Amino acid sequence: MTPDLMADGAERLARHRSKTTSVVEGEQVYFGQGVALYVDEITVSFDGFRALNKLSLTIDVGELRCIIGPNGAGKTTMMDCITGKTRPDSGTVFFGSNVDLLRLSEPQIAQIGVGRKFQKPTVYEQLSVFENLELALKADRGVRAALFHRLGSEQLGRIEEVLKLIHLQGEVQRTAGLLSHGQKQWLEIGMLLMQDPKLLLLDEPVAGMTDEETERTAELFLTLEGKHSLVVVEHDMKFVDQLTQGRKKVTVLHEGSVLAEGLLSDVQANEKVVEVYLGR
Ligand SMILES: Nc1ncnc2c1ncn2[C@@H]1O[C@H](COP(=O)(O)OP(=O)(O)OP(=O)(O)O)[C@@H](O)[C@H]1O
């Protein structure tokens, strides 16, 4: 354990969250109607340019949905709206059937169960794999509590479980900075999983991975499907094919709206999709 780094990390996380805890505290998310995320007609303009144009999308509880589309289609802006980083000019974003995400701040949205993985891995490079997971687990505690709290058997069990899921059991004590790119990505996903998010947004998770790492990532996501809802933004069609297994819906974004939605084979055969994206 490196107490100063641990303190620094815990402090940053606690500061981030302390501002907002009381607002979300006690808030229950209801998934009774089977909907994890409901996005309705969101529009975002940057200096008059519409990055999102009445975008609507529904993700079911436990669903794994891949979002594809050309550069500039609005994929990142959509994730920014869901996670509170960008406020749409108009439209609705609900988590479950009752939580209006547009009235919550970015940290509150994370706290209520929406995890986001950016393209670049952001782990604590100087800490070990175990310490990274430990810190993610304690993120809700105050700094003192995070530093002096000893993990209970249930929490150790959860770390074990996540280590297994992310294929890093053999690297527990390894310094995160020494992991491969793919392993860092898995570790960061593991850190998100420590908070047990109901919805995970993943931005190009396999960019820069080897073929083997990509395949393992697909296996990981397929394991998470059902227990979590996953929204995966990806350009790698082989990976999308692995994830959708010929039976899941994919969504194609173009110019800030949904251009097509359906099985990968269907959207790949869709003339409009070929024209703006796949045929390039
Ligand atoms: N802060 C901003 N200010 C001005 N324009 C922006 C801003 N953020 C995004 N845009 C524009 O909005 C459009 C959508 O961008 P966005 O990053 O959401 O697309 P994307 O589908 O994620 O693209 P990529 O696949 O390249 O990541 C682009 O034309 C982009 O230039």
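The protein is annotated in an unreviewed UniProt entry as Urea ABC transporter ATP-binding protein UrtD from Rubrivivax rivuli.

**Q** Sorry if this is basic, but what is going on with the overall build of the protein here?
**A** For the protein, the count of helices and strands is twelve helices and ten strands. The buried share of the protein, reckoned over its 280 residues, is 41%.

**Q** Could you clarify how one ought to interpret the site of the ligand in this entry?
**A** With respect to spatial proximity, the complete set of residues near the ligand consists of F46, A51, G69, N71, G72, A73, G74, K75, T76 and T77. For the shell around the ligand, the element with the most residues is helix α3 (residues 75-82), which contributes three residues. Across the shell around the ligand, the residue classes break down as three nonpolar, six polar and one charged.

**Q** Got a minute to help me understand helix α10 (residues 237-244) in this structure?
**A** At 3.6 residues per turn, the α-helix brings residues three or four places apart onto the same side. Taken residue by residue, α10 has F239, V240 and L243 as its buried positions. Seen end-on, α10 carries its buried residues on one side only, within an arc spanning 100°. Q245, located one to two residues past α10, shows a positive phi value of around 50°.

**Q** Mind showing me how you'd approach the confidence of the model for the protein here?
**A** Low pLDDT marks stretches whose predicted atomic positions should not be read closely. Within the protein, residue pLDDT values average 89, and 86% of them lie at 70 or more. Scored as a whole, the predicted complex attains pTM 0.88, and scored at its interfaces, ipTM 0.95.

**Q** Would you mind going over the sheet that holds strand β7 (residues 199-203) with me for this structure?
**A** Remark on secondary structure: sheet strands pair via backbone hydrogen bonds, oriented parallel or antiparallel. Reading across from one edge, β6-β7-β8-β3-β9-β10 is the order of the six strands in this open sheet, with mixed pairing throughout. In this open sheet, the two strands that pair with only one neighbour each are β6 (114-117) and β10 (257-263). With strand direction ignored, the average angle separating the axes of adjacent strands in the sheet is 20°. Relative to β10, strand β9 (residues 249-254) is paired through six bridges, and the arrangement is antiparallel. Each residue of the ladder has a partner; that of V252, found in β10, is A260. Packing of helix α12 (residues 271-278) onto the sheet brings it into contact with β9 and β10, and relative to β10 it is tilted by some 115°.

**Q** How should the sheet that holds strand β2 (residues 49-60) be read in this particular structure?
**A** Pairing in this open sheet of four strands is antiparallel, and the strands run β2-β1-β4-β5 from one edge to the other. Whereas interior strands pair on both sides, the edge strands pair on one side only; in this sheet they are β2 and β5 (99-100). As judged from the five bridges shared by strand β1 (residues 35-46) and strand β4 (residues 90-95), these two strands associate in the antiparallel manner. Looking at the pairing, L37 lines up with F95 of β4. Against the sheet, α3 engages β1, β2 and β4, with an angle of about 65° to β2.

**Q** I'm lost on unusual backbone geometry in this one. Help?
**A** Excluding glycine, a negative phi dihedral is what most residues carry, and trans is how most peptide bonds are arranged. Located in the positive-phi region is D196, a residue other than glycine, with phi close to 50°. Position of D196 relative to the elements: it lies in the loop between α8 (181-194) and β7. Residue class for D196 comes out exposed when judged on the 12 C-beta atoms lying within 10 Å of it. Here the phi dihedral of E255 falls at roughly 50°; this positive angle occurs in a residue that is not glycine. With respect to the helices and strands, E255 occurs in the loop between β9 and β10.

**Q** Looking at this structure, how should I read the packing of helix α5 (residues 129-137) against α8?
**A** The description of two helices packed together rests on the angle between their axes and the distance between the axes. Where α5 contacts α8, the two axes come as close as 8 Å, and the packing angle between them is 30°. Classified by the angle between their axes, α5 and α8 sit roughly parallel to one another. Judged by the twist between their axes, the crossing of α5 over α8 is right-handed. Residues V129, N132, L133, A136 and L137 of α5 touch α8, and the partners they reach there are L187, G190, M191 and M194. Within the contact of α5 with α8, the residues separate by chemical class into seven nonpolar, two polar and no charged.

**Q** I tried to follow the pairing of β9 on my own but got confused; where do I start?
**A** Consecutive residues of a regular strand have side chains that alternate between opposite faces of the sheet. Taking burial as the measure, the six residues of β9 include five buried ones, the bulk of the element. Across three bridges, strand β3 (residues 64-68) lies against β9 in parallel orientation. Each residue of the ladder has a partner; that of C66, found in β9, is V250. From the end of β9 to the start of β10, which pair antiparallel, there are two residues, and E255 there has a positive phi angle of about 50°.

**Q** Can you help me understand the nonpolar core in this one?
**A** Across soluble globular proteins, nonpolar side chains show a tendency to be buried alongside one another. Among the nonpolar cores identified, the biggest contains 72 residues, and I82, L187, V232, L243 and V252 are the most heavily contacted of them. Here the element with the most residues in this core is α8; it accounts for seven residues. For V252, the contacting residues outside a window of four places in its chain are I68, G69, L259, A260, V267, V273 and Y277.

What counts and what doesn't
- Residues numbered from 1 in each chain as written.
- Predicted model: local features only at pLDDT ≥ 70, side-chain atom pairs only at ≥ 80, totals over all residues.
- Helix = DSSP H or I, 4+ residues; strand = E, 2+ residues; numbered from the N terminus.
- Buried ≥ 20, exposed ≤ 12 C-beta atoms within 10 Å, placed from the backbone.
- Near = placed C-beta within 6 Å.
- Nonpolar A, V, L, I, M, F, W, Y, C, P; charged D, E, K, R; others polar.
- Arc of directions from axis to C-beta.
- pLDDT = per-residue confidence, 0-100.
- Pairing = 2+ DSSP bridges.
- Axes fitted to C-alpha atoms, helices over the stretch in contact; angles between N-to-C directions.
- Contact = placed C-beta atoms within 7 Å.
- Parallel < 35°, antiparallel > 145°, perpendicular 65-115°, else oblique.
- Left-handed = near helix turned anticlockwise from the far one by under 90°.
- Core = buried A, V, L, I, M, F, W, Y, C linked by C-beta atoms within 7 Å.

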